[in-house]
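What follows is each chain in one-letter form.
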Amino acid sequence: MTYSDADISSKVRIEDGVLRIVVATDAGGASLDLEGIADGTAALSSVNDGSTAIGSVLLIGRGPNFCAGGNVRDFAGAADRGAFVGSVADTFHAFVRELATVSVPVVAGVHGWAAGAGMSLVCLTDIAIGGPSTKLRPAYPSIGFTPDGGMSWTLPRIVGSGRAMDILLNDSIINGEEAVRLGILSRLVGDDIVDSEAERLARTLAVGPTSAYQGIKTLLRAAESVTLTQQLDAEAASISSSASSPAGREGVDAFVEKRRPDFS
């Protein structure tokens, strides 16, 4: 199925090459919005199978917070808590798998709290924009849970295994400045422009050299599991392919001709 502005729900839409996904709403107390996540999974799957072309993905929350994690009240009300929470994790993980597979840049506007699943989502992005009031917290230990959403995999790769263990066991609250220092957030802007700056960046990336971004993500993903020699070989093959690509030809020609490149 090919997705367009006409057939994507209000929580998931494509505009100017940006696939915009609302992961939480104020109506749900900023908890993970499973409807938006399911629609987002379908849209990302359409991108990953080549049915839909986009230039970037933007994750946002509606309301004062990015995402406060799973709905704990729903957990409490479930007849079989284990089965219910497991089904929520399965739905969330389908989204995570598609998001981790997508080859275009993934941007998040992280205003307010990103806790539990919200923090997991931040750790999955390529670029996360926060503000001075942004706070992150694993939140799982506070309700006697273990992580989901890939946090036990992504967080150690961002901050190191020792620091990740400390953050998770102590259920640490990480402010915006510390999150930037640790590499969880990419940068801070004013609290009032977190979403607009994230959207501006996503739109800018969407009209950039998509094939080069795909190559960069492929190289970085492979780098952690190969030797330097293997990575150098991969880089040589990738840059050679880039030089022959439409984006590479346009970029070089624009540089020589002293004009702005057009990667559309």
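Residues numbered from 1 in each chain as written. Predicted model: local features only at pLDDT ≥ 70, side-chain atom pairs only at ≥ 80, totals over all residues. Heavy atoms only, no water.

Draft legend 1. Representation of the packing of aromatic side chains within the structure. Tallied over the full model, the rule gives two aromatic pairs. Measuring from centroid to centroid gives 6.2 Å for Phe75 and Phe84, while their planes differ by 65 degrees, and the two rings are edge-to-face. For Phe75, a relative accessible area of 12% gives the class buried. Put simply, the rings of Phe75, Phe84 and Phe145 touch in pairs and so form one group of aromatic residues. When the ring centre of Trp153 is taken as origin, the NZ or CZ atom of Arg157, which lies over that ring, is 3.8 Å away. (Phe/Tyr/Trp six-rings, centres within 6.5 Å; stacked < 30°, edge-to-face > 60°. Buried < 20%, exposed > 50% of the residue type's maximum accessible area, 1.4 Å probe, protein only. Lys NZ or Arg CZ within 6 Å of the ring centre and 35° of its normal.)

Draft legend 2. Here's a closer look at helix 8 (residues 194–206). End to end, helix 8 covers 18 Å across 13 residues, agreeing with the expected 18 Å (1.5 Å per residue, within 8%). Within the sequence span of helix 8, burial applies to Val194, Glu197, Ala198, Leu201, Ala202, Leu205 and Ala206. On its buried face, helix 8 sits against strand 2 (18–24), strand 3 (56–61), strand 4 (106–110), strand 6 (127–130), strand 9 (187–188) and helix 9 (210–223). (Helix = DSSP H or I, 4+ residues; strand = E, 2+ residues; numbered from the N terminus. Expected span 1.5 Å × (residues − 1). Contact = heavy atoms within 4.5 Å.)

Draft legend 3. Spatial organisation of unusual backbone geometry. Residue Ala30 is not a glycine yet carries a positive backbone phi of 65 degrees. Its place among the elements puts Ala30 in the loop between strand 2 and helix 1 (34–48). The phi torsion at Ala139 lies on the positive side, around 70 degrees, for a residue other than glycine. Classification of Ala139 as buried rests on a relative accessible area of 18%.

Draft legend 4. Representation of the packing of helix 9 against helix 10 (residues 228–244) within the structure. Between helix 9 and helix 10, the least distance of the axes is 11 Å, while the angle of their chain directions is 170 degrees. On the basis of their axis angle, the class for helix 9 and helix 10 is roughly antiparallel. On helix 10, the residues that touch Gly215, Leu219, Ala222 and Ala223 of helix 9 are Gln231, Ala234, Glu235 and Ser238. Class assignment for the residues of the contact of helix 9 with helix 10 results in four nonpolar, three polar and one charged. (Axes fitted to C-alpha atoms, helices over the stretch in contact; angles between N-to-C directions. Parallel < 35°, antiparallel > 145°, perpendicular 65-115°, else oblique. Nonpolar A, V, L, I, M, F, W, Y, C, P; charged D, E, K, R; others polar.)

Draft legend 5. Summary view of the pattern of salt bridges. Tallied over the full model, the rule gives 16 salt bridges. When the shortest N-O distance is used, the salt bridge between Arg203 and Glu15 registers 3.7 Å. Of the two residues, Arg203 is situated in helix 8 and Glu15 in strand 1 (residues 12–15); the sequence distance between them amounts to 188 residues. Note that Arg203 is salt-bridged to Glu199, the shortest N-O span being 3.0 Å. Taken together, the residues span about one helical turn, with Arg203 and Glu199 both in helix 8 at a distance of four residues. Note on Glu199: relative accessible area 21%, which makes it partly exposed. (Salt bridge = Lys/Arg side-chain N within 4 Å of Asp/Glu carboxyl O.)

Draft legend 6. Local environment of the layout of surface pockets. The computed volume of the largest pocket comes to approximately 850 Å³. For the largest pocket, the lining is made up of 28 residues, of which Cys123, Leu124, Thr125, Asp126 and Arg221 are closest to its centre. Secondary-structure elements contributing two or more residues to the lining of the largest pocket are helix 3 (81–101), helix 4 (117–124), strand 6, helix 5 (151–159) and helix 9. The biggest single contributor to the lining of the largest pocket is helix 9, with five residues. A per-class count over the lining of the largest pocket returns 17 nonpolar, six polar and five charged. Size it by volume and the second largest pocket reaches roughly 390 Å³. (1 Å grid on protein atoms, 1.4 Å probe; cavity = no way out; pocket = protein on both sides within 12 Å on 5 of 7 lines; lining within 4 Å. Points joined across faces, edges and corners; volume = space filled by probe spheres on them.)

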